[in-house]
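Below, each chain spelled out in residue letters.
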Amino acid sequence: MDVSRVRRLLVPLTAGACAAALVAGCSSGAAPRAEPSTQAGAPVVANELQDDYRAVIKDVLPSVVQIDATDSLGSGVVYDDKGHIVTNAHVIGEERAFQVTAATGKEPMPARLVATYPEQDLAVIRLDSVPQGLKPATFGDSAEVDMGHIVLAMGSPLGLSGSVTQGIVSATGRTVSEGRTGGGTGATIGNMVQTSAAINPGNSGGALVNLDGEVIGIPTLAAVDPGLGGGSVPGIGFAIPVSMVRTVVDQIIKDGKVTDSGRAALDITGRTVLDDAYEPSGVAVVEAPAGGAAGRAGIRPGDVITRIGDAPVTTITSLQEALASMKPGDRVAVVYERGGTEATARVTLGEI
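So, a few notes on the structure that sits alongside this text. On a predicted model such as this, the values are computed, not experimentally measured, just so you know.

Conventions and cut-offs
Residues numbered from 1 in each chain as written. Predicted model: local features only at pLDDT ≥ 70, side-chain atom pairs only at ≥ 80, totals over all residues. Heavy atoms only, no water. Helix = DSSP H or I, 4+ residues; strand = E, 2+ residues; numbered from the N terminus. Buried < 20%, exposed > 50% of the residue type's maximum accessible area, 1.4 Å probe, protein only. Contact = heavy atoms within 4.5 Å. Areas by Shrake-Rupley, 256 points an atom, 1.4 Å probe, with all protein chains shown as cover. Core = buried A, V, L, I, M, F, W, Y, C linked by side-chain atoms within 4.5 Å. Pairing = 2+ DSSP bridges. Axes fitted to C-alpha atoms, helices over the stretch in contact; angles between N-to-C directions.

## Observations concerning the overall build of the protein chain
Alright, step 1. Scanning the protein chain from N- to C-terminus turns up 6 helices and 21 strands.
Alright, step 2. With 352 residues in all, the protein chain has 45% of them scored as buried.
Alright, step 3. Of the contacts made within the protein chain by residues no fewer than 6 positions apart, 58% connect residues no fewer than 24 positions apart.
Alright, step 4. Accessible area of the protein chain: about 17200 Å², with a carbon and sulfur share of 52%.

## Concerning the nonpolar core
Alright, step 1. Counting 38 residues, the largest nonpolar core has Val 77, Val 86, Phe 139, Met 154, Val 215, Ile 240 and Val 245 as its most contacted members.
Alright, step 2. Counting residues per element, this core draws most heavily on helix 4 (residues 242-255), at 6 residues.
Alright, step 3. Non-local contacts of Val 215, meaning those with residues more than four positions away in its chain, are made with Val 77, Ala 137, Thr 138, Phe 139, Gly 140, Ala 207, Leu 208, Val 209 and Val 242.
Alright, step 4. Grouped together as the second largest cluster of nonpolar side chains are 21 residues, Val 283, Ala 288, Ile 308 and Val 347 included.

## Describing the sheet that holds strand 3 (residues 84-87)
Alright, step 1. Spatial ordering of the closed barrel is given by 1-2-3-6-5-4, a layout of 6 strands whose pairing is antiparallel. Looking at each pair of strands side by side, their axes are set apart by 40° on average, direction ignored.
Alright, step 2. Here strand 4 (residues 97-102) pairs with strand 5 (residues 109-117) via 4 bridges, running antiparallel. The residue bridging Gln 99 from the neighbouring strand is Pro 110, located in strand 5.
Alright, step 3. Taken strand by strand, helix 4 contacts strand 3, strand 5 and strand 6 (122-127), and its axis lies near 50° from that of strand 6.

Taken by themselves, the reported measurements are silent on function.
Below, the structure written as structure tokens:
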């Protein structure tokens, strides 16, 4: 999105708001008279922003679909003119056949699974027959996504097809672990886009779109607060970045599976261990194949990993989160305990 364009839209509106505050009489004496040009400017700018919203919705919504499976309902985005649709793996579950309905309200269309990649919570399905006028979405560039960019989330929350919510990019580069309850894949996903646009059940797999009409992410989950009974936290949602979407989807379309994940691995099987106070204190290595990254560095079953790089490791999840920010081939220090003695191994990370 053109940042300067957004600034041109927002700065006059802010100025108008300041002028309105002065007219309300914040200081003593007679209220200063507002300039007519300022009074007229705010509605004009607001209308321009509203027109931008409407133009983006009109352009992108035909590329957003609702996906109905036997036990779930979610959203998807038309990826190309051959009928491929990208969505979340947790929307697909174990199903292989689906009914797909365009957000613009046409008749449901049958589709079948191409492949899922639960490790990144992405999946591709394909329409059995490509309808005339099928419109692929335009996918943006993750490098251009920045905090403060205005975004729209499009999908079918709670089955309300063609719904749109708005917000901003709240942060980038988030690492988020997805639960397994409610059909989640349990994936730990790095470099996610955090947004204030509302993401509700059914939004998963839809489109997070900038004001240039480009998909910049796939809305996947909302933050939950255990203190609220596991309810979602308003204004904190996460989307898989478009760079990862392209990487995964292009491989699935070409090869029927992901052949190059770009995700780092220690090549171990592990389990969380507890200390004497029953608090998580590390990851015990259950298996470490000799030809794997950890095995080549001398780590073996029975060792307890407590740190990788600068990140402390107390649970399997914390280990996954640390690895999600790293790349295959990175050389990192792994701190572990063996027989009550602490040691450090230099590990060249493998690939999932």
